[in-house]
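Chain by chain, the residues:
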Amino acid sequence: MTRERINVGGLLFDNVNMREALMQVQEKIEHSQLCTEESSLLMAANQDIFNHVGKYKNLSLDRLNRAFLIIPDGYSIILGAKYLGTPLKERVAGPDLMNEFMVVSAQKGYRNFFLGAAEGVAAKMAENFLAKYPDLQISGVYSPPFGDFSEEEKSKIKNMINESNSDVLWVSFGCPKQEWWILEHEAELNVPVIAGIGAAFDFHSGNKKRAPLFLQKLKLEWLFRLLQEPARLWKRYFVGAKTYLGLLRKQKSVVLRKQKKHKH
């Protein structure tokens, strides 16, 4: 599949629908021996990532753009791409991609490892997935302690993953820690696909309620989440929106200048 990428705020999103995203993940697994130089990172990105680039450790757009697949997890990305005149096909939400891939995994025998979230959340999610998809192969479940990991903990996580013979490692450390952690450690991990998936663990475990489908269709999932966790999320949605809009305006002005030059 030829890769088409759309620049939104400096992040290069893959212009894919859900079916195409699932195909790319499968291709990465099937051809993992042939593309050892390619990043294993699958990134489900929304506007929040722009609040952290250049501020969190050594996380940069260049490093993130190495991902083999970047999907537009939030409607803010879809609207941003449209505003820039380069629309994306559709929103491919991380929790939906994860669920759809469990269906594929149960059919094809792919092995999934769940890493992260609060204690008990990943285990409950695994239990829920197995109840829905009895043929699903879960190669590991581990919720490490919060905060920076000790050297002993880092070694423990690496060994657990490498001994599991997994096809996909799903990581829920929250944005941007999960993306940074994947980029820092992917070279040491024998997994073709490592997906930063954030709140999907909470939703699929039942730890947090996801917005009803009608609110998702009205593009109001962000509001539902904000009402659930106002203290944690108000800054992300309101202060973060200002950062994101500033990036889009800057990018749009560059596009318009280029268009003017071509006319002359």
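Check the entry above for the structure.
Note that the structure is predicted; figures quoted are calculated from it, not measured.

### Some points on the sheet that holds strand β4 (residues 69-72)
What the six strands build is an open sheet, ordered β4-β3-β8-β7-β5-β6; its pairing is parallel. Two strands close off the open sheet at either side, each with one partner strand: β4 and β6 (137-142). Neighbouring strand axes in the sheet, compared pairwise and without regard to direction, differ in orientation by 20° on average. Direction of pairing for strand β3 (residues 41-45) relative to strand β8 (residues 193-196): parallel, over a ladder of three bridges. Bridging from a neighbouring strand, Leu-41 pairs with Ile-194 of β8. Its contacts with the sheet put helix α1 (residues 18-30) on β3, β4, β7 (168-172) and β8, and the angle it makes with β4 is roughly 160°.

### Let's talk about the nonpolar core
A general trend in soluble globular proteins is that nonpolar side chains are found buried together. One finds Val-8, Leu-11, Leu-115, Ile-161, Leu-169 and Trp-181 to be the most contacted residues of the largest nonpolar core, which totals 36 residues. Looking at this core, the element that brings in the most residues is helix α7 (residues 177-185), giving four residues. Residues within four places of Leu-169 in sequence aside, it is in contact with Phe-113, Leu-115, Ile-161, Trp-181, Leu-189, Val-191, Val-193, Ile-194 and Ala-195. One finds Val-25, Val-92, Ala-117 and Trp-170 within the second-largest nonpolar core, a separate group that totals 34 residues.

### Considerations on the pairing of β8
Burial along β8 is two-sided: the residues Val-193 and Ala-195 and Ile-194 and Gly-196 are all buried. Here β7 runs beside β8; their pairing, made up of four bridges, is parallel. Counterpart to Val-168 in the pairing with β8 is Val-193. Following the backbone out of β7, through α7 and into the adjacent parallel β8, one traces a crossover that is right-handed.

Rules and cut-offs
Each residue is numbered by its place in its chain's sequence as written, counting from 1. Whole-chain, interface and lining totals are the exception, using all residues; otherwise, since this is a predicted model, local features are given only for residues with pLDDT of at least 70 and side-chain atom pairs are given and counted only at 80 or more. Side-chain numbers here rest on the full set of heavy atoms in the structure, without hydrogens or water. Note: two strands are recorded as paired if DSSP finds a minimum of 2 bridges between them. Here a strand is any run of E in DSSP of at least two residues, a helix any run of H or I of at least four, and the numbering for each starts at the N terminus. Fitted lines through C-alpha atoms give the axes, limited to the stretch in contact for helices. The angle between two N-to-C directions lies from 0 to 180 degrees. Residue contacts follow a heavy-atom distance rule, with two residues in contact if any of their heavy atoms lie within 4.5 Å. Nonpolar core, defined: a set of buried Ala, Val, Leu, Ile, Met, Phe, Trp, Tyr and Cys residues in which side-chain atoms within 4.5 Å join the residues together. For each residue, the accessible area found with a 1.4 Å probe, counting protein chains only, is set against the maximum for its type, and the residue is called buried under 20%, exposed over 50%, and partly exposed in between. Convention used here: a crossover is right-handed provided that the path from the first strand, over the helix, to the second strand proceeds clockwise when the strands point away from the viewer.

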